[in-house]
Amino acid sequence: MSTIVKNNNLEFALKRFKTETARSGTLSKARERADGYKKPGVRHREEKKINTINSRRNNKNKY
């Protein structure tokens with residue numbers, strides 16, 4: 001990730017950097033790795049929980 005600072009506008013560059021990292025998911029991946037090893041069952045339960053939340057959110061926005 002590289003963000004170019006133009007005209008010494010550091011605030012704009014920082015905002016742009018944050019959105020780029022959020023879209024690519026690098027920070028979320030780093031947070032997951034910081035927790036260390038998780039058992040496969042725990043990992044599957046967490047993924048299922050996240051997926052149900054996302055599917056409910058998507059279904060709510062559809063109608």
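Our structure is the block above this text.
Reading the values: rules and limits
Per chain, residues are indexed from 1 in the order of the written sequence. This being a predicted model, a pLDDT of at least 70 is required before a residue's local features are given, and a value of 80 or more before pairs of side-chain atoms are given or counted; all residues contribute to the totals for chains, interfaces and linings. To get the side-chain values, all heavy atoms of the structure are used, and hydrogens and water are removed first. Here's how the labels work: a residue is buried when its accessible area is under 20% of the maximum for its type, exposed when over 50%, partly exposed in between, all with a 1.4 Å probe on protein chains only. Only DSSP runs of H or I with at least four residues qualify as helices, and only runs of E with at least two residues qualify as strands; both kinds are numbered from the N terminus onward. To estimate the expected span of a helix, subtract one from its residue number and multiply by 1.5 Å. Counted as salt bridges are all cases of a side-chain nitrogen of Lys or Arg within 4 Å of a carboxyl oxygen of Asp or Glu.

Chemist: What is the right way to read unusual backbone geometry from this model?
Modeler: What you tend to see is this: most non-glycine residues have negative phi, and most peptide bonds are trans. Of note in this structure, Asn7 is not a glycine but carries a positive phi near 55 degrees. For Asn7, a relative accessible area of 78% corresponds to the exposed category. Located in the positive-phi region is Asn8, a residue other than glycine, with phi close to 55 degrees. With respect to the helices, strands and loops of the structure, Asn8 is situated in the segment before helix H1 (10–24).

Chemist: How should I be thinking about H1 in this particular structure?
Modeler: The α-helix winds at 3.6 residues per turn, so residues separated by three or four positions along the chain end up facing the same way. Taking 1.5 Å of rise per residue, the 15 residues of H1 would be expected to cover 21 Å, and the 21 Å separating its terminal C-alpha atoms lies within 8% of that figure. Phi for Gly25, located one or two positions after H1, is positive at around 80 degrees.

Chemist: I would appreciate a short explanation of the pattern of salt bridges in the present structure.
Modeler: Any two side chains of opposite charge can pair if their charged atoms end up close together. Following the criterion strictly, the structure yields three salt bridges and no others. Between Glu20 and Arg16 there is a salt bridge, with the nearest N and O atoms lying 3.7 Å from each other. Note that Glu20 and Arg16 are positioned in helix H1 at a spacing of four residues, about one turn of the helix. Taking the relative accessible area as the measure of exposure, Arg16 reaches 46% and is therefore partly exposed. With its nearest N and O atoms 3.8 Å apart, the salt bridge here joins Asp35 to Lys38.

Chemist: Can you walk me through the environment of Lys15 in this structure?
Modeler: With respect to the helices and strands, the residue Lys15 is situated in helix H1. Here Lys15 falls in the exposed class, since its relative accessible area comes to 56%.

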